[in-house]
Amino acid sequence: MDKVIVTAAVVGAEVTRAQSPYVPYMPAEIAQAAVDAWRAGAAVVHLHARWPDGRPSQEAVHFREIVDRIRSAGCDVVIQCSTGGAVGMSVDERLGSLVDGAEMGTLNLGTMNFGDEIFVNARPDIVKIAARLRQKGLVPECEVYDAGMLDTLASLLAKKHLSPPYHVQFVLGVPGGMGASERNLRFLQQGLPEPVAWTGAGVGRAQLEIAALALRLGGHVRVGLEDNLYLSKGILARGSHDLVERAVTMAREVGRDPATPAEARAALGIRGSNQSSEARE
Ligand code: KMH
Ligand code: ZN
């Protein structure tokens with residue numbers, strides 16, 4: 001696919017308002033951030049939720065409100081809900097995000113150091129989350145932070161815990177995962193067990209570099225405040241839409257137009273959903 005699927009990760013579980021006043025917390029704020037990102041050219045939004053005080057939430061009630069508000073705004077963006085949640089949450093808690101209206105869910109492919117904490121994804125957990133995604137008819141996005149996770153991907157496919165359609169995202173630059181470098185991104189891309197669409201996501205200041213590389217290597221791009229708060233050194237992004245706008249500009253500069261949500265659905269194998277048919281302005 002020549003077109004680029006831009007995913008906006010608008011809140012995440014880790015960034016706080018102490019770091020940037022633009023981090024959304026309330027469901028209405030998160031939904032607005034998603035709609036703004038869509039208007040800027042995002043075809044997919046990756047959603048987390050928060051409690052009003054900013055603590056990460058995987059509560060269905062929060063995700064339902066976010067999804068409802070996005071759709072009530074006439075926004076047809078592809079909705080991807082995090083099953084990663086935050087470190088320390090149980091798998092059952094993390095699965096609370098898979099509400100009606102979700103079209104994709106993340107599938108984190110291994111346990112790792114995550115900054116100073118441990119992000120636990122034991123193999124039975126991965127199999128359980130994969131089964132829940134399949135049962136709900138959601139397209140998995142496999143989160144790959146390290147090379148061994150590609151072997152886990154191959155094993156899930158071989159054992160039929162996972163089958164197409166699915167999507168892969170390489171997340172580079174998490175302290176504890178692979179660093180954000182061209183060598184690593186190329187290595188991961190070459191290690192995919194079968195041809196599949198993939199996205200590059202760089203954390204922190206690596207967001208720009210990984211986006212540029214992914215665009216060159218034929219991949220898709222994720223940006224947003226979950227991964228990076230800054231538009232440039234010392235300049236905070238006013239929201240994920242700023243970062244989406246820049247990714248769209250970068251894509252056009254290399255001759256790739258942003259995919260619409262409908263085009264992203266076709267490319268990702270998402271069938272039948274309750275998105276609005278209204279087009280982006
Ligand atoms: N918050 C991280 C520990 C996902 O959304 O699936 C996990 C994460 C991945 O953000
Ligand atoms: Zn996430």
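Further up the page is the structure itself.
Residues numbered from 1 in each chain as written. Chains lettered and ligands numbered in written order. Predicted model: local features only at pLDDT ≥ 70, side-chain atom pairs only at ≥ 80, totals over all residues. Heavy atoms only, no water.

Structural notes on the coordination of the zinc ion (ligand 2)
Note the cut-off: For Na, K and Ca the donor cut-off is 3.2 Å, and for all other metals it is 2.8 Å, counting N, O and S atoms only; because water is absent from this set, sites may look incomplete. Under the DSSP-based scheme used, a helix requires at least four consecutive residues in state H or I and a strand at least two consecutive residues in state E, with every element numbered from the N terminus.
For the zinc ion (ligand 2), the protein coordination sphere consists of His46 (NE2), His48 (NE2) and Glu226 (OE), at 2.1 to 2.2 Å. Here the donor residues of the zinc ion (ligand 2) share one chain and are spaced in sequence as H-x1-H-x177-E. Placement of His48 in the loop between strand S2 (44-47) and strand S3 (49-50) and of Glu226 in the loop between strand S12 (220-223) and strand S13 (230-232) is noted, with a sequence separation of 178 residues between them.

Quick notes on the environment of Asp146
Here is the rule we go by: Contacts were defined at the residue level, with two residues in contact if any of their heavy atoms lie within 4.5 Å.
Within the secondary structure layout, Asp146 lies in the loop between strand S9 (139-144) and helix H5 (148-158). The spatial distance from the C-alpha of Asp146 to the C-alpha of Ala259 is 27 Å, given a sequence separation of 113 residues. Among residues more than four places away in sequence, those in contact with Asp146 are Gly176, Gly177, Met178 and Leu188.

As for the pairing of strand S6 (residues 104-108)
So the rule is basically this: Only protein chains enter the calculation, and the probe is 1.4 Å; a residue is then buried if its accessible area is under 20% of its type maximum, exposed if over 50%, and partly exposed in between.
For S6, the tally of buried residues reaches 5 of 5 residues, placing the bulk of the element in the interior. The two faces of S6 match: Met104, Thr106 and Asn108 on one face and Gly105 and Leu107 on the other face are all buried.

With respect to the pairing of strand S10 (residues 167-172)
Threshold: Two strands form a pair only when DSSP identifies at least two bridges running between them. With its strands directed away from the observer, a crossover is right-handed exactly when the path from the first strand over the helix to the second travels clockwise.
In terms of burial, S10 is largely enclosed, as 6 of its 6 residues are buried. Burial along S10 is two-sided: the face carrying His167, Gln169 and Val171 and the face carrying Val168, Phe170 and Leu172 are both buried. Where S9 and S10 come together, 4 bridges link them in parallel fashion. What sits directly across from Glu143, in S10, is Gln169. Considered for its hand, the β-α-β crossover made up of S9, H5 and S10 is right-handed. Direction of pairing for S10 relative to strand S11 (residues 198-202): parallel, over a ladder of 5 bridges. Looking at S11, one finds that Gln169 is bridged to Thr199.

Thoughts on the environment of Leu215
Note on placement: Leu215 falls in helix H7 (residues 206-216). Leu215 sits 53 residues away from Leu268 along the chain, and the two C-alpha atoms are 17 Å apart. Not counting chain neighbours up to four residues away, the residues in contact with Leu215 comprise Val4, Val221, Ala247, Met250, Ala251, Val254 and Arg256.

Points about the site of ligand 1
In plain terms, the rule: One heavy atom suffices: a residue is near a molecule or strand as soon as one of its heavy atoms comes within 4 Å of it. Between N or O atoms, a polar contact is any pair within 3.5 Å; within protein, one atom must be a potential hydrogen donor and the other a potential acceptor, and residues adjacent in sequence are included only when both atoms are from side chains. The method works on a 1 Å grid over the protein atoms by themselves. A cavity is a set of points holding a 1.4 Å probe that cannot get out, a pocket is an open set with protein on both sides within 12 Å along at least five of seven lines, and residues with an atom within 4 Å of a point line them. To be counted as sitting in a cavity or pocket, a molecule needs more than half of its atoms within 2 Å of that site's grid points. For this classification, Asp, Glu, Lys and Arg are treated as charged, while Ala, Val, Leu, Ile, Met, Phe, Trp, Tyr, Cys and Pro are nonpolar and the rest, including Gly, are polar.
Contacts to ligand 1 come from 13 residues, most closely from Glu14, Ser82, Gly85, Thr106 and Asn108. Within the side chain of Glu226, one N or O atom sits 3.0 Å away from an oxygen atom of ligand 1. For ligand 1, the cavity whose grid points lie within 2 Å of the majority of its atoms is the largest pocket. Residues of the shell around ligand 1, tallied by class, amount to 4 nonpolar, 7 polar and 2 charged.

Focus on the nonpolar core
The cut-off we apply is this: Residue types Ala, Val, Leu, Ile, Met, Phe, Trp, Tyr and Cys, when buried and joined through side-chain atoms within 4.5 Å, form a set referred to as a nonpolar core.
Leu47, Ile70, Leu107, Leu153 and Val168 are the most contacted members of the largest nonpolar core, which has 82 residues in total. Not counting chain neighbours up to four residues away, the residues in contact with Ile70 comprise Ala31, Ala34, Val35, Val45, Leu47, Cys75, Val77 and Ile79. Judged by nonpolar contacts, the second largest core, of 10 residues, contains Ala43, Val44, Ala259 and Leu268.

Considering H7
Turning to H7, its buried residues number three or more, namely Ala206, Gln207, Ile210, Ala211, Leu213, Ala214 and Leu215. Residue Gly218 follows H7 closely and has a positive phi angle near 90 degrees.

Section: the packing of aromatic side chains
What counts, and what does not: Between the rings of Phe, Tyr and Trp (Trp by its six-membered ring), a pair exists once the centres lie within 6.5 Å; its type follows the angle of the planes, with under 30 degrees stacked, over 60 edge-to-face, and the other angles tilted.
If you walk through the whole model with that rule in mind, you get 4 aromatic pairs. Ring geometry for Phe119 and Tyr145: centres 6.4 Å apart, planes at 85 degrees, overall edge-to-face. Of this pair, Phe119 sits in strand S8 (residues 117-119) while Tyr145 sits in the loop between S9 and H5, and the two are 26 residues apart along the sequence. Here Phe119 falls in the buried class, since its relative accessible area comes to 5%.

Some details on the packing of H7 against helix H8 (residues 240-253)
To characterise two packed helices, one gives the angle between the axes of the helices and the distance between these axes. In plain terms, the rule: Here an axis means a line fitted to C-alpha atoms, over the contact stretch when the element is a helix, while the angle between two N-to-C directions is reported on a 0 to 180 degree scale. Throughout, a crossing is termed right-handed when the near helix is turned clockwise from the far one, and left-handed when it is turned anticlockwise from it by less than a right angle.
Relative orientation of the contacting elements H7 and H8 amounts to 35 degrees, with a least axis distance of 10 Å. The way H7 lies across H8 gives a crossing that is right-handed. Across from Gln207, Leu208, Ala211, Ala212 and Leu215 in H7, the residues of H8 making contact are Leu243, Arg246, Ala247, Met250 and Ala251. Its residues assigned to classes, the contact of H7 with H8 shows 8 nonpolar, 1 polar and 1 charged.

Topic: the pattern of salt bridges
The condition is simple: Every case where a carboxyl oxygen of Asp or Glu lies within 4 Å of a side-chain nitrogen of Lys or Arg is listed as a salt bridge.
For the structure on display, the rule yields 13 salt bridges. In this structure, Asp53 and Arg55 form a salt bridge, with 2.9 Å as the shortest nitrogen-oxygen distance. Two residues, Arg252 and Asp257, come together in a salt bridge whose shortest N-O distance is 3.4 Å. Since its relative accessible area comes to 40%, Asp257 is described here as partly exposed. Salt bridges here are not isolated pairs; linked through shared partners, they connect Arg71, Glu103 and Arg265.

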